[in-house]
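# Structure assessment
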Amino acid sequence: MVKKVTIQDLADQLNLSPATVSRALRDHPSINDGTRRSVHELAAGMGYTTHLTSRSLKKGGTLLRRPIAWITPLVNFQFEDPIILETLGGIASRCAEIGRHFLHIPTDVGRELDTYRELIAEGVIEGFIVANRVTEGDRRVEYLLEEKMPFVAYYGATPLTGDYPSVDVAFAEAYALGTRHLLDLGHRRIALLNSLPNFQASHERERGYRAALAEQQVWSSANWVVGGPKTEEFGYSAMRQMLDSVSAPTGVICSSTMAAKGALSAINERRLTVGRDVSLVNFDDNVAGSFYSVPLTTLFSPARPLGRKVVDFLDRTIAGEASRDLHHIAHPELIVRGSTGPAPTELAAVSTR
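Residues numbered from 1 in each chain as written. Predicted model: local features only at pLDDT ≥ 70, side-chain atom pairs only at ≥ 80, totals over all residues. Heavy atoms only, no water.

## A word on the overall build of the chain
From N to C terminus, the chain includes 12 helices and 13 strands. A buried classification covers 52% of the 353 residues belonging to the chain. If you take every contact in the chain between residues at least 6 apart in sequence, the share linking residues at least 24 apart comes to 70%. Put simply, the chain shows about 16000 Å² of open surface, and 53% of that area lies on carbon and sulfur atoms. (Helix = DSSP H or I, 4+ residues; strand = E, 2+ residues; numbered from the N terminus. Buried < 20%, exposed > 50% of the residue type's maximum accessible area, 1.4 Å probe, protein only. Contact = heavy atoms within 4.5 Å. Areas by Shrake-Rupley, 256 points an atom, 1.4 Å probe, with all protein chains shown as cover.)

Listed below in structure tokens is the structure:
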């Protein structure tokens, strides 16, 4: 059986990156005439044929452009997370409007970078969405920059580590806003249920939380800042441990709706009242928090418009537009509901001495 010639084979022969070969085969204006001619000549000589899924396809008489992709490690593949669901909705709806395919690709933990390499070598994908940047040397970003492959960094993208487009949320600003709200209510024992600590968004949440505490010379206990997955189980177990401590917090800020649901279960289990004994601030992108038995005070940041913005920025990057004008940061607003109230009287008295 004859082995199918791939973009990686052409790249190896010409000492070019797969991304450059892919753009040359599409006659992209960013590729010079000499390189484009060399790629086309070698492709013809080696019998290269375009993979079906990498072609522009026709649907209902409309030409659909090649797909963009979001690769997600299975550990973070949480379809219950409304942030992910709303973001996907925004991405999919915008792709449909502009005539572009979108692929959401789960992959095993530890194979994320390999999946990027395989897709680029196949010439299937025209650009990537890179979400949840890690704090130390994100190899996805480094690799895509090396390959000159179009991508947009999303959610925890800032501060930037290179020249690439980004769509992000002002997490430090948001969590400072939530912390100040609890401080203004007299709370001094304030905890943060953060997401996994290796993500840039987690670092920004904690930075904003600590900055707001420092403004009023209030300090956090070591066990009041806990990071974990965005799950009910994490929120429940972390909240239980805090309530068992000698100095239990009276105010808590959560990084996700799922963690907030778990924290609520732990608070209710102790027969404590949310908004009276323990105040809870949630981060969310929809109005679901208003339908809880105690409506949740929320740092509100709609994700669907951000998903649409990601697609627009990626489409413009693929077209060759420079990244300097392709940056957007959403600024969440605080929606106060019944889950936050004044600090318990005995604590408020102590804090005023």
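This is not the end of the story, as more comes after the structure.
## A few points about the pattern of salt bridges
Enumeration over the complete set of coordinates arrives at 21 salt bridges. Between Arg-111 and Glu-118 there is a salt bridge, with its nearest N and O atoms 2.4 Å apart. By relative accessible area, which is 31% here, Arg-111 ends up partly exposed. Asp-277 serves as the salt-bridge partner of Arg-276, at 3.3 Å between the closest nitrogen and oxygen. Using a relative accessible area of 51% as the deciding quantity, one classes Arg-276 as exposed. One salt-bridge network, held together by shared partners, links Arg-94, Glu-97, Arg-308 and Asp-312. (Salt bridge = Lys/Arg side-chain N within 4 Å of Asp/Glu carboxyl O.)

## Here we look at the packing of helix H2 (residues 18–25) against helix H3 (residues 33–46)
Angle between the axes and distance between the axes: these two values describe a pair of packed helices. Viewed as axis vectors pointing N to C, H2 and H3 meet at an angle of 90°, and their least axial separation amounts to 9 Å. By the angle between their directions, the pair H2 and H3 is classed as roughly perpendicular. Facing H2, whose interface residues are Thr-20, Val-21, Ala-24 and Leu-25, H3 presents Thr-35, Arg-36, Val-39, His-40 and Ala-43. Looking at the contact of H2 with H3 residue by residue, the classes come out as five nonpolar, three polar and one charged. (Axes fitted to C-alpha atoms, helices over the stretch in contact; angles between N-to-C directions. Parallel < 35°, antiparallel > 145°, perpendicular 65-115°, else oblique. Nonpolar A, V, L, I, M, F, W, Y, C, P; charged D, E, K, R; others polar.)

## A few points about the nonpolar core
Core analysis: the biggest nonpolar cluster contains 61 residues, and Ile-129, Tyr-154 and Leu-280 have the highest contact counts within it. Ranked by size, the runner-up nonpolar core spans 20 residues in total, among them Ala-19, Phe-128, Ala-157 and Tyr-164. (Core = buried A, V, L, I, M, F, W, Y, C linked by side-chain atoms within 4.5 Å.)

## Re the pairing of strand E6 (residues 166–169)
The alternating pattern of E6 places Ser-166 and Asp-168 and Val-167 and Val-169 on opposite faces, both of which are buried. Relative to E6, strand E5 (residues 151–154) runs parallel, the two sharing two bridges. Its bridge partner being in E6, Tyr-154 is matched across the sheet by Val-167. Summarising the sheet, E6 and strand E12 (residues 327–330) pair through four bridges and their orientation is parallel. Of the residues in E12, the one forming a bridge with Val-169 is Ala-330. (Pairing = 2+ DSSP bridges.)

## A short note on the side chain of Asn-194
Note that Asn-194 resides in strand E7 (residues 190–194). The buried category is assigned to Asn-194, whose relative accessible area is 3%. A polar atom in the side chain of Asn-194 sits 2.9 Å from the backbone oxygen of Ser-202. If we ignore the near neighbours within four places in the chain, the residues touching Asn-194 are Ser-202, Arg-205, Glu-206, Val-226, Gly-227, Gly-228, Phe-234 and Ser-255. (Polar contact = N/O pair within 3.5 Å; in protein donor to acceptor, adjacent residues only side chain to side chain.)

## Section: the confidence of the model for the chain
For the chain, the average pLDDT comes to 86, and 88% of its residues sit at 70 or higher. The secondary-structure element of the chain with the lowest mean pLDDT is strand E1 (residues 57–59), recorded at 46, while helix H7 (residues 171–184) shows the highest, at 98. Per-residue pLDDT stays below 50 along residues 51–63; that stretch engages in 21 contacts with residues further than four places along the chain or on separate chains. A low-confidence stretch, residues 347–353 stays under pLDDT 50, and its non-local contacts, those more than four residues away or across chains, total six contacts. (pLDDT = per-residue confidence, 0-100.)

## Considerations on the sheet that holds strand E13 (residues 333–335)
Here six strands make up an open sheet; going across it, the order is E8-E7-E9-E10-E11-E13 and the pairing mixed. What marks the edges here is a single partner per strand, and that holds for strand E8 (225–227) and E13. Strand-to-strand twist across the sheet, computed as the mean angle between neighbouring axes with direction ignored, equals 20°. Docked against the sheet, helix H9 (residues 232–244) engages E7, E8 and strand E9 (251–254), running at close to 155° with respect to E7.

## Brief notes about the packing of helix H5 (residues 112–122) against helix H6 (residues 139–146)
At a closest axis distance of 10 Å, the pairing of H5 and H6 adopts a crossing angle of 20°. In this view, H5 runs roughly parallel relative to H6, as classed from their interaxial angle. Relative to H6, H5 is oriented so that their crossing is right-handed. In this structure, H5 contributes Glu-112, Leu-113, Tyr-116, Arg-117 and Ile-120 to the contact, and H6 contributes Arg-139, Arg-140, Tyr-143 and Leu-144. Residue composition of the contact of H5 with H6, by class: five nonpolar, no polar and four charged. (Left-handed = near helix turned anticlockwise from the far one by under 90°.)

## Description of the packing of aromatic side chains
Tallying each qualifying case throughout the model produces seven aromatic pairs. Plain terms: the ring middles of Phe-151 and Tyr-164 are 5.1 Å apart, the flat faces sit at 35° to each other, and that makes the pair tilted. Highlighted residues: Phe-151 in strand E5 and Tyr-164 in the loop between E5 and E6, separated in sequence by 13 residues. As far as burial versus exposure is concerned, Phe-151 and Tyr-164 are alike and both buried. Site record: aromatic cluster; members linked through ring pairs are Trp-70, Tyr-154, Tyr-155, Phe-171, Tyr-175 and Phe-283. One residue, Arg-117, lies across the ring of Tyr-143, its end atom 5.3 Å from the ring centre. The positively charged end of Arg-205 is found above the aromatic ring belonging to Phe-171, 4.8 Å away from the centroid. (Phe/Tyr/Trp six-rings, centres within 6.5 Å; stacked < 30°, edge-to-face > 60°. Lys NZ or Arg CZ within 6 Å of the ring centre and 35° of its normal.)

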